[in-house]
Amino acid sequence: MTKRLVKSRTDRKLTGVCGGIAEYLGWDATLVRTLYVILILMFVGAPVILYFVLALIMPDERPPEEPQNSSSKREPSREP
């Protein structure tokens, strides 16, 4: 299985960009967010623009696939 850079579904504050980067690198998301804030303070507007560009181009993480078993499909309850 190849590693992909995707937005995190589970570790997100705004769009999941920092959480996705942290998962991709194997780092703690708090560390990535802290480094991002330091970048914002050092370079003023460029990291903010970069964040929104990444939010637009990074794909969302796919949800775990459910088994394709016919018994897993629920039928609506038929209550009187």
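Residues numbered from 1 in each chain as written. Predicted model: local features only at pLDDT ≥ 70, side-chain atom pairs only at ≥ 80, totals over all residues. Heavy atoms only, no water.

S.K.: Quick rundown of a nonpolar patch on the surface? Include the residues and the values.
M.R.: Together, Leu5, Tyr24, Leu25, Trp27, Leu31, Leu35, Ile38, Leu39, Met42 and Phe43 line one region of the surface with nonpolar side chains, adding up to about 920 Å² of accessible area. When residues of the nonpolar patch are traced back to their parent elements, those giving at least two are α1 (17-25) and α2 (29-43). The biggest single contributor to the nonpolar patch is α2, with 6 residues. You can see Met42 is positioned in helix α2. (Patch = residues over 30% accessible without salt bridge, like charges linked within 9 Å, V, L, I, M, F, W, Y side chains within 5 Å. Areas by Shrake-Rupley, 256 points an atom, 1.4 Å probe, with all protein chains shown as cover. Salt bridge = Lys/Arg side-chain N within 4 Å of Asp/Glu carboxyl O. Helix = DSSP H or I, 4+ residues; strand = E, 2+ residues; numbered from the N terminus.)

S.K.: Quick rundown of the environment of Arg4? Include the residues and the values.
M.R.: Inspection of the secondary structure puts Arg4 in the segment before α1. With relative accessibility at 44%, the residue Arg4 sits in the partly exposed group. Remark: the alpha-carbon pair of Arg4 and Gly20, spanning 16 residues in sequence, is separated by 9.2 Å. Ignoring sequence-local partners within four residues, the contact set of Arg4 consists of Tyr24, Pro59 and Arg62. (Buried < 20%, exposed > 50% of the residue type's maximum accessible area, 1.4 Å probe, protein only. Contact = heavy atoms within 4.5 Å.)

S.K.: Talk me through the packing of α1 against α2; I want residue IDs and the actual numbers.
M.R.: Look at α1 against α2: their axes get within 8 Å of each other, and the N-to-C directions meet at 120 degrees. In terms of orientation, α1 and α2 fall into the oblique class. As α1 runs across α2, the sense of the crossing is right-handed. Across the interface between the two elements, Cys18, Gly19, Ile21 and Ala22 of α1 pack against Ala29, Val32, Arg33 and Tyr36 of α2. (Axes fitted to C-alpha atoms, helices over the stretch in contact; angles between N-to-C directions. Parallel < 35°, antiparallel > 145°, perpendicular 65-115°, else oblique. Left-handed = near helix turned anticlockwise from the far one by under 90°.)

S.K.: Could you give an account of the packing of aromatic side chains, naming the residues involved and the relevant values?
M.R.: For the coordinates displayed, the defined rule picks out 2 aromatic pairs. Seen from their ring centres, Tyr51 and Phe52 are 5.7 Å apart, and the 90 degrees between their planes marks the pair as edge-to-face. An aromatic cluster is built from Tyr36, Tyr51 and Phe52, whose rings are joined through pairwise contacts. Taking NZ or CZ as reference, Lys3 lies 5.4 Å from the ring centre of Tyr24, over its face. (Phe/Tyr/Trp six-rings, centres within 6.5 Å; stacked < 30°, edge-to-face > 60°. Lys NZ or Arg CZ within 6 Å of the ring centre and 35° of its normal.)

S.K.: I'd like a description of helix α3 (residues 46-57), backed by residues and values.
M.R.: The first and last C-alpha atoms of α3 sit 16 Å apart over 12 residues, in line with the 16 Å expected at 1.5 Å per residue. Every buried residue of α3 is listed here: Pro47, Tyr51, Leu54 and Ala55. Angularly, the buried residues of α3 cover 100 degrees about the axis, an arc narrow enough to put them on a single face. Turned more than 90 degrees from where α3 packs its buried face, Ile49, Leu56 and Ile57 sit exposed. (Expected span 1.5 Å × (residues − 1). Arc of directions from axis to C-beta.)

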